[in-house]
Each structure stands twice: as C-alpha cells, then as structure tokens.
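# An overview of the molecular structure
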Amino acid sequence: MVSGEHMRELSNGLSMPSIGFGTWDLSNENEAKSAVVQAVECGYTLIDGAARYGNEVGVGEGIRSSSLSREELFVTSKVWTNHRDYDSVIEACNKSLKDLKLDYLDLYLIHWPAVSKQYENWKDVNHEVWQALIDLYTQGKVKAIGVSNFNVDHLEALEGSSVMPMVNQIEFHPGFLQEDVRSYCKDHNIVVEGWRPLGLGESLSHEIIWNLAEKYKKNPAQIVLRWCLHKDVVPLPKSRSREHIEQNIDIFDFSLSDDDIALIDTIEGERLGGDPEEAPF
Ligand SMILES: NC(=O)c1ccc[n+]([C@@H]2O[C@H](COP(=O)([O-])OP(=O)(O)OC[C@H]3O[C@@H](n4cnc5c(N)ncnc54)[C@H](OP(=O)(O)O)[C@@H]3O)[C@@H](O)[C@H]2O)c1
C-alpha cells in the first residue's frame, strides 16, 4: 500500500478519499442499500450520490447498515437543475438530508451549471445557487461545497465569491481528458472528481489498456482507475458486481510508469454524457 495516496486535501483543509463509489442508476429499493453496504465492506468511504438518482433513501439505509460510523464516511449529494433560486436550493439540501437520514453532508455540489443557452443571466443564476451552498457550508450543514460539470467559463464567473468551489466533478475517462477544465482546477486548488471513469465499461476493451493490464498483472479497470489517480482525478466507479466493486478499489499496490500514463493519454475517444453547454438538463 502506498501511503498518503488514499486521501486528498480540499482547499478548506478537509480530507476527502481519493476514490469513491458511484450510486447512479442503482434503484432505491434494495439495490442502492446493498451496493453501499458492499462498497463500505470493500474499503470505500466516499459515497457519491445525488437527489436526481432518486435513491437517497436506499443510499442512507446502506450508510446506516454499513460497518463504519457516520464520521468515517464521506457522503456527497448534489442539487438538481430544478432548484435554481436560493430558497429552493436550501429546501433541496434539507430534503436530501431527510431522505438520507443524516445531519450533515460531507460534500454538496451543484449538479449542472445554468448556461447561456437556457438563461441570458446564467451567471446570476449560478451565483444565486452558489450563495445558497455557501450559506449551507457556513451553517455547517455541509462540510465542503463544489460544482459538477462546470466548464472554465462557468468557474471563472464564480471568481470573487467569498468561498470558491472545493471540488469540480466532471466526466473523465481515457479518450476524454478535459485538459482545460483540469488545468483551471489545478491552478485554483479545486479537486477534480471523475465521473464515468470506466467510460461505462467501454475504455476497458482498448488494446492499450489490455496490454498494460497484462504488463502490470492487473485487470483493465484497475489500470484505468490507477491512471485516474496519476492524473490527480478522484474516480467514482460504479458497479453492481461484488467482484468489480472489490477490484476497483484494489489499485494502491502498484504505480504506472510515466511512459505508460502518457500512452493512456493518447487513447482517442469522446464525451459519453451530456455537454454542459448544450444544457442537456
Ligand atoms: N455529476 C454527474 O453529472 C454524473 C454523471 C454521471 C455519473 N456520475 C457519477 O459517477 C459514477 C460512475 O459513473 P457511471 O456509473 O456512469 O460509469 P462507470 O463507473 O464508468 O461505469 C459503470 C459500468 O462499468 C462496469 N464496471 C464497473 N467496474 C467494472 C470492472 N471492474 N470491470 C468491468 N466492468 C466494470 C459496470 O458494470 P457492472 O455493474 O457489471 O460492474 C457499469 O456497467 C455514477 O454512479 C455517479 O455517482 C456523475
């Protein structure tokens, strides 16, 4: 095990795990609960959720049924795009806390930015939502705040706020590196989380990844997730399979060489999810 790699420090001094478990597309009934319980058993302490996933009741049950105490876990939720005025954002956060049956969140994110295609005054809209997150943070309801799917111009528009985002959660996988956003985040001390790190499983069949899996005696998912860590990105893999959940966090006993990291960087690909500028939601 390589020490110091398991945690990242946010700009407010809070420690955040360097890999998390994604909960999108897990049903609210037993699926979300059992996946969270299994993830914690396998060593994950960061649980990435969102009101939009419609499963916060199940995720909360999983958290309470897990073997770890609340303080040992790092729980994320996100405010959806139907909450874009101040009071509505506060209500949305309270609803997530109620569904999860938690007193606080470790991280609360704006799920998608308001953009120019939707609003002439998109900057004002994002400012209003962001101010609500700042107030939730100041009141201690959330320990850290950030954004998701924010491009550079959306982040720049928040400059001058009393608190800047501590995290930006963006699509990231081989073939889709978002260099401009990651470079801005690095320069402004914003930790990048990567959603869809396995490219919904697609990246795993690339020849380069297969060859590296053989070379390092690891499986393709472990090569891709280890590469995320080398790129300073916190990956949020999701799986329903116990075997995959276990494999995906077993990435701390090896390192990729600089040449092999650069080789993965050359893989061609494209965005698999929504483009923020196209206002997909
Ligand atoms: N902020 C946002 O807008 C946003 C958007 C999308 C997602 N997210 C977050 O990011 C998380 C992850 O994204 P994602 O679920 O879209 O994609 P992902 O984690 O990249 O891919 C999930 C797929 O990969 C497969 N998989 C997982 N581990 C594997 C392994 N070791 N070997 C082979 N296949 C494997 C899974 O199948 P099995 O179940 O069979 O393992 C599943 O089909 C989400 O759950 C959510 O928390 C955020």
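Residues numbered from 1 in each chain as written. Predicted model: local features only at pLDDT ≥ 70, side-chain atom pairs only at ≥ 80, totals over all residues. Heavy atoms only, no water.

### Details of the site of the ligand
Selection rule: We define proximity as follows: a residue is near a molecule or strand when any one of its heavy atoms falls within 4 Å of that partner. Here a polar contact is taken to be a pair of N or O atoms separated by no more than 3.5 Å, where protein atoms must pair a possible hydrogen donor with a possible acceptor and residues adjacent in sequence count only if both atoms sit in side chains. The Shrake-Rupley method, run with a 1.4 Å probe sphere, supplies the accessible areas, and residue values consider only the shown protein chains as cover. When residues are grouped by polarity, Ala, Val, Leu, Ile, Met, Phe, Trp, Tyr, Cys and Pro land in nonpolar, Asp, Glu, Lys and Arg in charged, and all others, Gly among them, in polar.
Close to the ligand lie 28 residues, the nearest being Asp48, Arg196, Leu198, Ser239 and His244. A distance of 3.4 Å separates a nitrogen atom of the ligand from a polar side-chain atom of Tyr53. In this structure, an oxygen atom belonging to the ligand sits 2.8 Å away from a main-chain N or O atom of Arg240. Protein contacts shield 85% of the accessible area of the ligand, which totals 910 Å² for the unbound molecule. Residues that form the shell around the ligand fall into these classes: 11 nonpolar, 12 polar and five charged.

### Focus: a negative patch on the surface
For the record, the criterion: Patch building starts from residues that exceed 30% relative accessible area and form no salt bridge, then joins like charges within 9 Å and nonpolar side chains (Val, Leu, Ile, Met, Phe, Trp, Tyr) within 5 Å. Note on definitions: salt bridges are taken to be side-chain nitrogens of Lys or Arg within 4 Å of carboxyl oxygens of Asp or Glu. His residues and chain termini do not enter the charge count, which takes Lys and Arg as positive and Asp and Glu as negative. Charged groups are reduced to one reference atom each: NZ for lysine, CZ for arginine, CG for aspartic acid, CD for glutamic acid. Secondary structure follows DSSP: runs of H or I at least 4 residues long count as helices, runs of E at least 2 residues long count as strands, and numbering of each begins at the N terminus. Only protein chains enter the area calculation, which uses a 1.4 Å probe; residues under 20% of their type maximum are buried, those over 50% are exposed, and those in between are partly exposed.
On the surface, a cluster of negative charge is made up of Asp85, Asp87, Glu91, Asp124 and Glu128. Only helix H3 (86-100) and helix H4 (122-138) provide two or more residues apiece to the negative patch. Looking at the secondary structure, you find Glu91 in helix H3. Relative accessible area serves as the criterion here: at 56%, Glu91 is assigned to the exposed category.

### As for the packing of aromatic side chains
Counted only if it meets this: Each Phe, Tyr or Trp ring (for Trp, its six-membered ring) is paired with any other whose centre lies within 6.5 Å, and the angle between the two planes then decides the class: stacked below 30 degrees, edge-to-face above 60, tilted in between. The rule is short: NZ of Lys or CZ of Arg within 6 Å of the ring centre and within 35 degrees of the ring normal puts a charge over the ring.
Tallying each qualifying case throughout the model produces six aromatic pairs. Considering the side-chain rings of Trp112 and Trp195, the 6.4 Å spacing of their centres and the 65° angle between planes classify their relative orientation as edge-to-face. Placement of the pair is Trp112 in the loop between strand E6 (107-110) and H4 and Trp195 in strand E9 (residues 191-195), with a sequence separation of 83 residues. On the numbers, 6.0 Å between centres and 55° between planes, the contact of Tyr216 with Phe254 is tilted. Within this pair, whereas Tyr216 is found in helix H7 (residues 207-216), its partner Phe254 is found in the loop between helix H9 (242-249) and helix H10 (258-265), the two being separated by 38 residues in sequence. By relative accessible area, which is 9% here, Phe254 ends up buried. Every member of this aromatic cluster is reached through a ring pair, and the members are Trp80, Trp112, Trp195 and Phe281. Over the aromatic face of Tyr104 sits the side chain of Lys143, whose NZ or CZ is 4.7 Å from the ring centroid. Here Arg196 stacks its cationic end above the ring of Trp24, 5.1 Å away from the centre of that ring.

### Thoughts on the pairing of strand E7 (residues 145-148)
Rules: DSSP calls a pair of strands paired once it identifies at least 2 bridges connecting them. Assignment of crossover handedness uses the view with strands pointing away from the viewer, where a clockwise path from the first strand over the helix to the second indicates a right-handed crossover.
Of the two faces of E7, both are covered, the one formed by Ile145 and Val147 as well as the one formed by Gly146 and Ser148. Sheet analysis places E6 next to E7, joined by three bridges and oriented parallel. If you follow Ile110 over to E7, its bridge partner there is Val147. A crossover links E6 with its parallel partner E7, the connecting element being H4, and its sense is right-handed. The pairing of E7 with strand E8 (residues 167-171) spans two bridges and is parallel. In the sheet register, Val147 faces E8, and the bridge partner there is Asn168.

### Here we look at the pattern of salt bridges
As enumerated under the stated definition, the model contains 16 salt bridges in all. For the salt bridge of Lys238 with Asp25, the shortest nitrogen-to-oxygen distance reads 3.7 Å. With Lys238 in the loop between strand E10 (233-235) and H9 and Asp25 in the loop between strand E3 (20-22) and helix H1 (30-42), this residue pair connects regions lying 213 residues apart in the sequence. The exposure class assigned to Asp25 is partly exposed, which follows from its relative accessible area of 40%. For Glu31, the salt bridge identified is with Arg240, shortest N-O distance 2.7 Å.

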